[in-house]
Amino acid sequence: MDIVFIINPTAGNGAALKKWRKFSGTVDFPHEQFVTRSSGHAFQLVDQLKRRERETLVVGFGGDGTMREIAAAAAGSRQLFIASVPAGSGNDFARTFSCFSAAQEISGFLASPKGKLTDIGQVGVEIEQLFASSSGIGFDAAVAHAVNRSRVKYWLNKVGLGKLAYLIFVVITLFTFKKFRLTVELDGAVHHFEDVWLATVSNQPYFGGGMKISPHSSVDDGQLEVTVVHRLSRLKLLAVFGTVFSGSHTKFPEVVQFSGKHFSFAVDRPVPRHVDGDEAGITDAQKKVNFRVSAKQWRQAKL
Ligand SMILES: Nc1ncnc2c1ncn2[C@@H]1O[C@H](COP(=O)(O)OP(=O)(O)OP(=O)(O)O)[C@@H](O)[C@H]1O
């Protein structure tokens, strides 16, 4: 089996490159390595590997954005085995999907390689983007937009306090965010929600750097879960936020969850959207955003 490392030098605000330099010194098996040059490069690299038609273990050295590109490009291939070495800021991918922490573990995998077919989500006005973990609209996306535009994240990451950036922007966004009206269509049924803070569609339980937003999501059940948080005062939203790391926020009546294979969102005003925690533009009012799951599309390395 071929082994290819794909390193995003910007992940974790540059920490990924340092981590790779240390890690690569411990790799004692033949391998190739590629350092991404821009957003979208990891996707192109994996797309090329797919055409080689040889069994290949692709190890992404980065965070959720890098791994989304790798998983999305691997969709449809039966020769590629995907895993990560978590080196981003949030690393939600690594909380559920296969990850290695040492080169020795990779040697262990190579001794008897096995894969596990895994679902992938699709989102868009006409289904255009793939996501590995989650995609959502509202408060969480507004926080992602704000964090990604700020220098605060960069400086806090430098001193190992990256999570604090999210907390700071959660508080700021709490006072600036305008709640919206949401219509969810699911299997022919229409659900209306008022005063919505966020609606997230999950393929796996975690988002936002360790928040267990969708505790029952599974990556191989052919289903996505929607979580709608609505009709909460700012104060109560904070209380709910405090419980999301354990997953017990679902006990609040203002947190509604349901599962499905495909559904759509329509909003009454422009609302920010994210895909695996990365900004994905603004959802226009009245334009339906469609979500769909494609079951068993890419192969995780089974550890
Ligand atoms: N050389 C590059 N220059 C700029 N951006 C890049 C480069 N290579 C990859 N990217 C982009 O960097 C973005 C961020 O990477 P990634 O999400 O892996 O790290 P992170 O944001 O630190 O971690 P997390 O998403 O887990 O918080 C990805 O969307 C990817 O497309």
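Residues numbered from 1 in each chain as written. Predicted model: local features only at pLDDT ≥ 70, side-chain atom pairs only at ≥ 80, totals over all residues.

As annotated in an unreviewed UniProt entry, the protein chain carries the name Transcription regulator and is attributed to Planococcus plakortidis. The UniProt entry for the protein chain carries the following comment under Sequence similarities (unreviewed entry): "Belongs to the diacylglycerol/lipid kinase family." What UniProt records for the protein chain under Cofactor (unreviewed entry) is the sentence "Mg(2+)". (UniProt positions renumbered as here; feature names shortened; annotations may be inferred.)

Details of helix 3 (residues 64-74)
Of all eleven residues that make up helix 3, eleven are buried, and the element is covered over most of its length. Where helix 3 is concerned, the buried positions are Asp-64, Gly-65, Thr-66, Met-67, Arg-68, Glu-69, Ile-70, Ala-71, Ala-72, Ala-73 and Ala-74. A positive phi of about 95 degrees marks Gly-76, the residue just after helix 3. (Buried ≥ 20, exposed ≤ 12 C-beta atoms within 10 Å, placed from the backbone. Helix = DSSP H or I, 4+ residues; strand = E, 2+ residues; numbered from the N terminus.)

Observations regarding the nonpolar core
Ranked by internal contacts, the top residues of the largest apolar core, which has 84 residues, are Val-58, Ile-70 and Ile-82. A total of seven residues in this core trace back to one element, the largest contributor, which is helix 6 (residues 139-148). Residues from two domains meet in this core; each of domain 1 (2-113) and domain 2 (124-296) gives at least three. With residues up to four places along the chain from it excluded, the contact list for Val-58 reads Val-4, Ile-6, Val-46, Leu-49, Ile-70, Ala-74, Leu-80, Phe-81 and Ile-82. (Core = buried A, V, L, I, M, F, W, Y, C linked by C-beta atoms within 7 Å. Domains from an automatic or database assignment. Contact = placed C-beta atoms within 7 Å.)

Some thoughts on the environment of His-192
Within the secondary structure layout, His-192 lies in strand 9 (residues 189-202). Taking the C-beta count within 10 Å as the criterion, His-192 has 10 such neighbours and is therefore assigned exposed.

Brief notes about the site of the ligand
Contacts to the ligand come from 22 residues, most closely from Ser-39, Gly-63, Gly-65, Gly-88 and Gly-90. Here the element with the most residues in the shell around the ligand is helix 3; it accounts for four residues. Partitioned by chemical class, the residues of the shell around the ligand number two nonpolar, 16 polar and four charged. (Near = placed C-beta within 6 Å. Nonpolar A, V, L, I, M, F, W, Y, C, P; charged D, E, K, R; others polar.)

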